[in-house]
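Observations on the three-dimensional arrangement
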Amino acid sequence: MIDILGALSVFASGVKVDPSCKNAYDLLHNKHQHSYIIFKIDKNDTAIVVEKVGDKNAPYSEFVEEMKKLVEDGKECRYAAVDVEVTVQRQGAEGASTLNKVIFVQYCPDNAPVRRRMLYASSVRALKASLGLESLFQVQASEMSDLDEKVVKSDLMSNQRI
């Protein structure tokens, strides 16, 4: 029997997706047990692994601070899945509603070595396919200001049907 998920989790880069990524993502997306997950390619450049998981009620600002620490002053790339809370005013409804949307972040700063940027760019499809992220709103960031909460939420709202 062919292992379809295993086959999908490896693409051109040869980097595999560690099963812990799927487990953590399911807890974030389906059970809302985390506020964010930061993924990285391991030191051997062979697997995408979970690097950091945010507590259930951690604010978006904590995610940004963790990213700042982990990317070493813009010299490293990362992926992340973040549960973002947005407030919307639905037509015909009184008051505002609060919704949670999971977004996918691909952070590849211009200061990162070209080889790292290429590896992350060629490996993202494996992560998206194994976690089922194709339909999520995606933020492609090359500097920390691209992760500004107000900007991300505004872009999310303008690109989503709520």
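Residues numbered from 1 in each chain as written. Predicted model: local features only at pLDDT ≥ 70, side-chain atom pairs only at ≥ 80, totals over all residues. Heavy atoms only, no water.

1. Description of helix H3 (residues 60–70)
Selection rule: Buried residues are those whose accessible area, probed at 1.4 Å on protein chains only, stays under 20% of the maximum for their type, while exposed residues exceed 50% and partly exposed ones sit between those limits. Put simply, DSSP H or I for four residues or longer makes a helix, DSSP E for two residues or longer makes a strand, and each gets a number counted from the N terminus. Starting at the helix axis, one direction is taken to each C-beta atom, and the arc is that of these directions.
Among the residues making up H3, those that are buried are Tyr-60, Phe-63, Val-64, Glu-66, Met-67 and Leu-70. Each buried residue of H3 sits inside an arc of 160° when the element is viewed along its axis, so together they form one side. Looking one or two residues past H3, Glu-72 carries a phi angle of roughly 50°, positive in sign.

2. Here we look at the sheet that holds strand E2 (residues 36–41)
Note the cut-off: Pairing between strands is defined by DSSP: at least two bridges between them are needed. In what follows, a contact means two residues having at least one pair of non-hydrogen atoms within 4.5 Å. Only the stretch in contact is used when a helix axis is fitted, and all axes are lines through C-alpha atoms; the angle between N-to-C directions ranges over 0 to 180 degrees.
Taken in spatial order, the 6 strands make up an open sheet running E1-E3-E2-E4-E5-E6, and their pairing is mixed. Two strands close off the open sheet at either side, each with one partner strand: strand E1 (16–17) and strand E6 (137–141). Two strands pair when backbone bridges link them, and strand E4 (residues 78–88) and strand E5 (residues 97–107) are joined in this way by 11 bridges, in the antiparallel orientation. Bridge assignment links Val-86 to a residue of E5, and that residue is Leu-99. Strands in contact with H3 are E2, strand E3 (47–54), E4 and E5; relative to E2, the strand with the most contacts, it is inclined by about 15°. Across the sheet, helix H4 (residues 114–131) is in contact with E1, E2, E3, E4, E5 and E6; its angle to E2 comes to roughly 130°.

3. Some remarks on unusual backbone geometry
Positive phi, normally seen in glycine, also occurs at Glu-72, with a value near 50°. As for its placement among the helices and strands, Glu-72 is situated in the loop between H3 and E4. For Glu-72, a relative accessible area of 47% translates into the label partly exposed. Phi at Asp-73 takes a positive value of approximately 55°, unusual for a residue other than glycine. Looking at where Asp-73 falls in the secondary structure, it is placed in the loop between H3 and E4. A residue is classified by how much of its surface remains accessible, and Asp-73, at 68% relative accessible area, is exposed.

4. Description of the UniProt feature "domain: ADF-H" (unreviewed entry) in the chain
Worth spelling out the cut-off: UniProt positions are given in the numbering used here, feature names are shortened, and annotations may be inferred rather than shown by experiment.
The UniProt feature table records "domain: ADF-H" (unreviewed entry) at residues 14–157. As annotated, residues 14–157 has a helix share of 34% and a strand share of 30%, and its two end C-alpha atoms lie 35 Å apart.

5. Topic: the side chain of Ser-35
In this fold, Ser-35 is placed in the loop between helix H2 (19–29) and E2. A relative accessible area of 5% means that Ser-35 is categorised as buried.

6. Remarks on the side chain of Arg-78
Inclusion rule: In protein, a polar contact means a hydrogen-donor-capable atom and an acceptor-capable atom, both N or O and within 3.5 Å, with residues adjacent in sequence counting only if both atoms are side-chain atoms; elsewhere, any N or O pair within 3.5 Å suffices.
Structurally, the position occupied by Arg-78 is in strand E4. Residue Arg-78 is classed as buried on the basis of its relative accessible area, which comes to 5%. Among the polar contacts listed, one links the side chain of Arg-78 to the side chain of Glu-51, at a separation of 2.5 Å. There is a polar contact of 3.1 Å between the side chain of Arg-78 and the backbone oxygen of Leu-70. Setting aside its immediate chain neighbours within four residues, Arg-78 contacts Ile-38, Phe-39, Lys-40, Glu-51, Met-67, Leu-70, Val-71, Val-105, Gln-106, Tyr-107 and Tyr-120.

7. Quick word on the pattern of salt bridges
Here is the rule we go by: The salt bridge definition used is simple: a Lys or Arg side-chain nitrogen within 4 Å of an Asp or Glu carboxyl oxygen.
Within this structure, the stated rule accounts for 9 salt bridges. The partner of Glu-51 in a salt bridge is Arg-78, with the nearest N and O atoms 2.5 Å apart. Taken together, the residues span a long stretch of sequence, with Glu-51 in strand E3 and Arg-78 in strand E4 at a distance of 27 residues. Exposure remark for Glu-51: the relative accessible area of 26% places this residue in the partly exposed category. A salt bridge links Glu-76 to Arg-78; its shortest N-O distance comes to 3.4 Å. Owing to a relative accessible area of 17%, Glu-76 belongs among the buried residues under this scheme. Among the ionic contacts, a cluster of salt bridges with common partners joins Asp-45, Glu-51, Glu-76, Arg-78, Arg-115 and Arg-116.

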